[in-house]
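Architecture and fold: a report
Below, each chain spelled out in residue letters.
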Amino acid sequence: MDSEHDQGRPGVPRRAFLRIAGVSAAGAVVAACGPGDPAAPVASTAPAPATSTPPATRLPTAPPNWDDLRSQLTGNLLRPGADGYETAKQGFNQLFDGNNPVAVATASTVQDVQACVKAAAGRVTIAARSGGHSYAGYSVPQGGLVIDVAALNKVDVQGGKAVIGAGAKLKDVYAALARAGRALPAGSCPTVGIAGLTLGGGIGVLARKYGLTCDHLSSAQVVAADGRTLTASAGSEPDLFWALRGGGGGNFGIVTEFTFDTDPAPPELTVFSLHFPAGSGAGVLGAWQQWIAAMPPELWANLVLSGGSPVQCRVSGCYVGDTAGLTTLLNNLTTNAGARPTQRVVKPVDYLGAMKYFEGGSNRQSFVASSRIITTPVDAAKLVAVADGRPGMDLLIDGLGGAVAGPAKDATAFWHRDALASVQVYATATARNRAKVTESVGDVVAGLAAAGAGGGYVNYIDPALPDWKTAYYGDNAKRLQEVAQKYDPHNVFRFGQGVIS
Ligand SMILES: Cc1cc2nc3c(=O)[nH]c(=O)nc-3n(C[C@H](O)[C@H](O)[C@H](O)COP(=O)(O)OP(=O)(O)OC[C@H]3O[C@@H](n4cnc5c(N)ncnc54)[C@H](O)[C@@H]3O)c2cc1C
């Protein structure tokens, strides 16, 4: 057992919690100098709406009156040079610390969000920020207004429902759910925001059993581009409700509150981690792909390939059931993997314990990343070869299927219902080596496509992904664009990979 296992962590040190997440900054340069030039009026470049409610009148383009807006807010509004601005503007990915928003507003109420949107629409780029974990720094737009909703963070669990403020972080969501004996499938990093996670789908260690986070959404409160507050649900603004479930954060309005259907917390879970000998990745991955496809939904697992020569390989996961049941399932993998694990941890936990096992750390990081999707087993040797000789880079392959595959591909905006796994490409980077790392991540993404993994996950947003709109949304892209044009006819929430583009 290694030291990480002693701490109850399954593997890769600072990157472990990115295993399920995605990270994306390969197009960091695009993001840094993309939308948000305050001198560029938003309305004048917006496409004509296909359908629109309300009517598309021209928006003002003069700079916002910041003093007036500040006086309307219960929270702060910080401009460059103000005390606290440098800290207030920071997102999770340190590569974007050079982004300088024109203002950072703290919204403590829905009315604060409305006031910000009304004051800035058409005048400067607007981006909501919840957990701040956008891989591409999209929640800290250069020259734009950040509307930080972190203070809207209540988590109220009543019976089978959880009403969660858009600013809540996963660690607070899990703690409140666990206290109430309830569960919601969601991601692993404790400081990821429920908002960005849900809006892009939400992949986590209980996904094969319970589905995506967005599959549990029953309604959302949204401040639209014109400042109105809307309720999106199956019976109210159904197009918007469809789009909010996988269409990606930042596109359709600013969500202030989510209501989720929850499940009873499973009484018994078992987590595990297996380290395989260096160089055994191709055999293990070949077996893993067949294995995960055949496993019951109670079992979720991922496989991490750590670049370098030779490539390192480990498999971790979570089983909704007891240790004996898991052991039988793991034996199916290890007998076909062509190598025996050198380290093996199997540990019974409760629901909160399982969430903590995968959480890694919450320190800010500096990285470039991207993703692809595997729908049918790919040539494992080819895929592993892509990672060979790339120290500092991980390929994090997260099993999907099970309950994720339940809804039809067009039932929600989340397209990858038929995925066997997502592949996240994650590489640490500094300001100095960013261009080189970005190129390396791009090469790996191309290599994955050549090995048979196409597509991409919008929550691992990558401004450099060549076919990004189709990759994230498939045939849902057209409808998403129509919904965005309906609710944001002037494209006031524009950003580098906004669906209106
Ligand atoms: C360390 C780490 C671990 C991760 N783990 C997982 C994981 O386990 N599973 C998984 O699926 N993903 C994971 N992710 C990816 C994560 O889901 C996305 O990065 C997500 O967009 C982050 O949401 P956020 O609220 O923290 O980020 P933010 O940067 O605040 O927002 C992301 C995007 O959504 C927009 N947005 C933010 N708030 C709102 C709102 N209230 N209304 C409308 N739009 C909004 C922003 O403008 C931005 O475009 C992880 C990311 C990181 C960095």
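Residues numbered from 1 in each chain as written. Predicted model: local features only at pLDDT ≥ 70, side-chain atom pairs only at ≥ 80, totals over all residues.

Remarks on the overall build of the chain
Put simply, the rule reads: We count a stretch as a helix when DSSP gives it H or I for four or more residues in a row; a strand needs E for two or more, and each element gets its number in order from the N terminus. For every residue, the other C-beta atoms within 10 Å of its own C-beta are counted; 20 or more classify it as buried, 12 or fewer as exposed, and values in between as partly exposed. C-beta atoms are placed from the backbone. Residues are defined as contacting one another if the C-beta atoms placed from their backbone atoms lie within 7 Å.
When helices and strands are counted, the chain shows 16 helices and 18 strands. The proportion of buried residues among the 501 residues of the chain is 60%. Summarising the internal contacts of the chain: among those between residues at least 6 apart in sequence, 76% fall at separations of at least 24.

A closer look at unusual backbone geometry
P310 follows S309 through a cis peptide bond whose omega is -5°. Among the secondary structure elements, P310 is positioned in the loop between strand 13 (299-306) and strand 14 (312-319). The phi torsion at E237 lies on the positive side, around 50°, for a residue other than glycine. If you trace the backbone, E237 turns up in the loop between strand 9 (229-233) and helix 9 (238-244). For N491, which is not glycine, the phi torsion reads 55° and is therefore positive. As for its placement among the helices and strands, N491 is situated in the segment after helix 16 (477-487). Accessibility expressed as a C-beta count within 10 Å gives 24 for N491, which makes it buried.

Overview of the packing of helix 10 (residues 281-294) against helix 13 (residues 380-387)
Rules: Note on geometry: axes are C-alpha line fits, over the in-contact stretch for helices, and angles between N-to-C directions span 0 to 180 degrees. Throughout this description, any angle smaller than 35 degrees is read as roughly parallel, any larger than 145 degrees as roughly antiparallel, any in the 65 to 115 degree range as roughly perpendicular, and the remainder as oblique. Crossing handedness is defined as follows: a turn of the near helix away from the far one that is anticlockwise and smaller than a right angle gives a left-handed crossing, while the clockwise case is right-handed.
Interhelical geometry of helix 10 versus helix 13 gives an angle of 130° and a closest axis separation of 8 Å. Here helix 13 runs oblique to helix 10, going by the angle between their axes. You can see that helix 10 and helix 13 cross each other, and the crossing is right-handed. Residue-level inspection shows G281, A282, L285, G286 and Q289 of helix 10 in contact with helix 13, the latter providing A380, A381, L383 and V384.

Things to note about the sheet that holds strand 15 (residues 343-349)
Keep this limit in mind: When DSSP finds two or more bridges between a pair of strands, those strands are recorded as paired.
One open sheet holds the seven strands; their spatial order is 15-12-14-13-17-18-16, and the pairing between them is antiparallel. On the outer flanks of this sheet lie strand 15 and strand 16 (367-374), each paired with one strand and no other. When strand polarity is set aside, the average angle formed by the axes of neighbouring strands in this sheet is 15°. Bridge count for strand 12 (residues 269-276) against strand 15 is seven bridges, and the pairing is antiparallel. Each residue of the ladder has a partner; that of H275, found in strand 15, is Q343.

Regarding helix 16
Among the residues making up helix 16, those that are buried are L480, Q481, V483, A484, Q485 and Y487. Close packing links the buried residues of helix 16 with helix 9 and helix 15 (468-473).

Quick notes on the sheet that holds strand 3 (residues 126-129)
Sheets are built from strands that pair by backbone hydrogen bonding, the pairs being arranged parallel or antiparallel. Reading across from one edge, 1-2-4-3 is the order of the four strands in this open sheet, with mixed pairing throughout. Looking at which strands have only one partner, the edges of the open sheet turn out to be strand 1 (77-78) and strand 3. For strand 3 and strand 4 (residues 145-148), the ladder comprises four bridges, and the chain directions are parallel. Each residue of the ladder has a partner; that of R129, found in strand 4, is D148. Sheet strands touched by helix 5 (residues 110-120): strand 2 (103-106), strand 3 and strand 4. Its angle to strand 4, the strand with the most contacts, is close to 170°.

Focus on helix 13
For clarity, the cut-off: Regarding the arc, it is the one traced by the directions from the helix axis to the C-beta atoms.
Three or more residues of helix 13 are buried, namely A380, L383, V384, V386 and A387. Buried residues of helix 13, seen end-on, are gathered within an arc of 150° and therefore sit on one face of the element. For helix 13, the elements touching its buried residues are helix 10, strand 13, strand 17 (393-399) and helix 14 (434-450). With its phi angle positive at about 75°, G389 sits one or two positions after the end of helix 13.

Examining the environment of Q365
Secondary-structure assignment places Q365 in the loop between helix 12 (351-357) and strand 16. Of the residues examined, Q365 has 22 C-beta atoms within 10 Å and is grouped as buried. As for Q365 and L95, which are separated by 270 residues in sequence, their C-alpha atoms are 8.2 Å apart.

A few points about the environment of H490
On the secondary structure map, H490 appears in the segment after helix 16. Distance in space between the C-alpha atoms of H490 and R58 is 8.0 Å, their sequence separation being 432 residues.

Concerning the confidence of the model for the chain
As a reminder, the rule being used: pLDDT is a per-residue confidence score from the predictor, ranging from 0 to 100.
Confidence in the prediction for the chain averages 90 pLDDT; 89% of positions are at 70 or higher. Scored below 50 in pLDDT, residues 1-52 makes 169 contacts in the model with residues more than four places away or belonging to other chains.

Details of the environment of G447
Along the chain, G447 turns up in helix 14. When the C-alpha positions of G447 and A385 are compared, they lie 9.0 Å apart, and in sequence the two are 62 residues distant.

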